[in-house]
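# Survey of secondary and tertiary structure
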Amino acid sequence: MKVMFLDAPYSGSVELSQDTLDYLKEKGYLKVGLYSSVQFVGKLEEVKKQLKEAGIVFHTYKADRTNVEGQLLGCDSFPDSLNLKREVDCFLYIGDGKFHPLALVYGQKEEKKEIICNDPLQKKMFLVSQEDVSSILKRYKGSLVRFLSSRNIGVIVTIKPGQEQLKPAFLLEKKYQDKKFYYFIDNNVSFDQLENYPFIEAWVNTSCPRVGLDDQEKFLKGVINLNDALRVEEFLADSNSPSIKRKV
């Protein structure tokens with residue numbers, strides 16, 4: 001079956017709300033990293049004009065797996081992929097919801113820049129920060145420990161194009177020869193079916209890495225992402241947040 005993927009751009013106007021402009025001025029942010037989701041990225045000219053008029057310099061970047069400069073993918077949020085090439089005072093995200101801007105929280109290594117979000121639908125500003133994911137990262141660390149102490153591991157594999165990681169998942173068997181791995185292959189991750197396999201002691205996610213983070217509470221026995229599973233000891237020894245890099 002042939003599949004065609006089409007963008008669904010927003011047809012309305014996109015501009016910065018007054019409270020967003022006021023906040024940028026109040027905080028003294030003169031250089032911002034500008035990002036947007038695919039729905040709004042083609043409508044950023046008015047935003048750039050407003051920033052110029054306010055004396056604020058903006059930098060846009062093209063992440064590795066995006067189509068255009070300035071586009072942000074919520075599932076592709078590790079530092080090397082974001083291609084953050086210049087120093088900025090903060091990040092400015094144009095779009096609705098927290099899924100995409102939280103990728104910037106996960107994607108920052110050490111110094112955490114503030115992330116200001118301008119919702120063009122609600123015409124208002126909101127912030128996302130490390131605090132929004134602190135409980136997730138604590139639970140994730142517990143899942144890393146659980147994985148190490150477990151013998152029977154369930155490996156979730158999707159057949160979706162661009163997310164299928166079955167062959168890289170086989171590296172787990174080479175690294176952890178004392179564990180038994182069971183592979184669960186489907187198009188979608190069916191969380192309600194996980195409890196049908198009580199012999200599984202911990203899960204490894206090989207699909208979208210945000211499943212292993214944002215959906216922690218849906219895995220009663222814990223879940224970690226494939227890349228982290230291959231380097232558990234390193235991440236447990238590192239005080240920084242776990243990586244969500246997909247490629248291994």
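For the structure given in this document, a descriptive report is provided here. (Residues numbered from 1 in each chain as written. Predicted model: local features only at pLDDT ≥ 70, side-chain atom pairs only at ≥ 80, totals over all residues. Heavy atoms only, no water.)

### Describing unusual backbone geometry
The condition is simple: Helix numbering and strand numbering both begin at the N terminus, where a helix is a DSSP run of H or I of at least 4 residues and a strand a DSSP run of E of at least 2.
The phi dihedral of Lys123 is positive, around 55 degrees, even though this residue is not glycine. Note on placement: Lys123 falls in the loop between strand E4 (114–119) and strand E5 (124–128).

### Things to note about the sheet that holds strand E1 (residues 31–36)
Using the following cut-off: At least two bridges found by DSSP between two strands are what make those strands a pair. Axis geometry follows a simple rule: fit a line to the C-alpha atoms, using only the stretch in contact for helices, then measure angles between N-to-C directions, giving values from 0 to 180 degrees. The contact rule is simple, with two residues in contact once any of their heavy atoms fall within 4.5 Å.
Spatially, E2-E1-E3-E4-E5 is the arrangement adopted by the five strands of the open sheet, whose pairing is mixed. Looking at the sheet topology across the chains shown, the edges are occupied by strand E2 (57–59) and E5. In this sheet, neighbouring strand axes are inclined to one another by 30 degrees on average, regardless of whether the strands run parallel or antiparallel. In this sheet, E2 lies alongside E1 in parallel orientation, the contact comprising three bridges. From the neighbouring strand, Lys31 faces E2, where its bridge partner is Val57. Here helix H4 (residues 99–106) sits on the sheet in contact with E1, strand E3 (90–94), E4 and E5, set at roughly 170 degrees to E4.

### Looking at the sheet that holds strand E9 (residues 223–225)
The strand order E7-E6-E8-E9 describes an open sheet built from four strands, whose pairing is parallel. Each edge of the sheet is formed by a strand with only one pairing partner; in this case those strands are strand E7 (180–186) and E9. Neighbouring strand axes in the sheet, compared pairwise and without regard to direction, differ in orientation by 25 degrees on average. For strand E8 (residues 202–205) and E9, the ladder comprises three bridges, and the chain directions are parallel. Pairing of Asn205 across the sheet is with Asn225, part of E9. The strands touched by helix H5 (residues 134–149) are strand E6 (152–158), E7, E8 and E9; relative to E9, the strand with the most contacts, the crossing angle is about 95 degrees.

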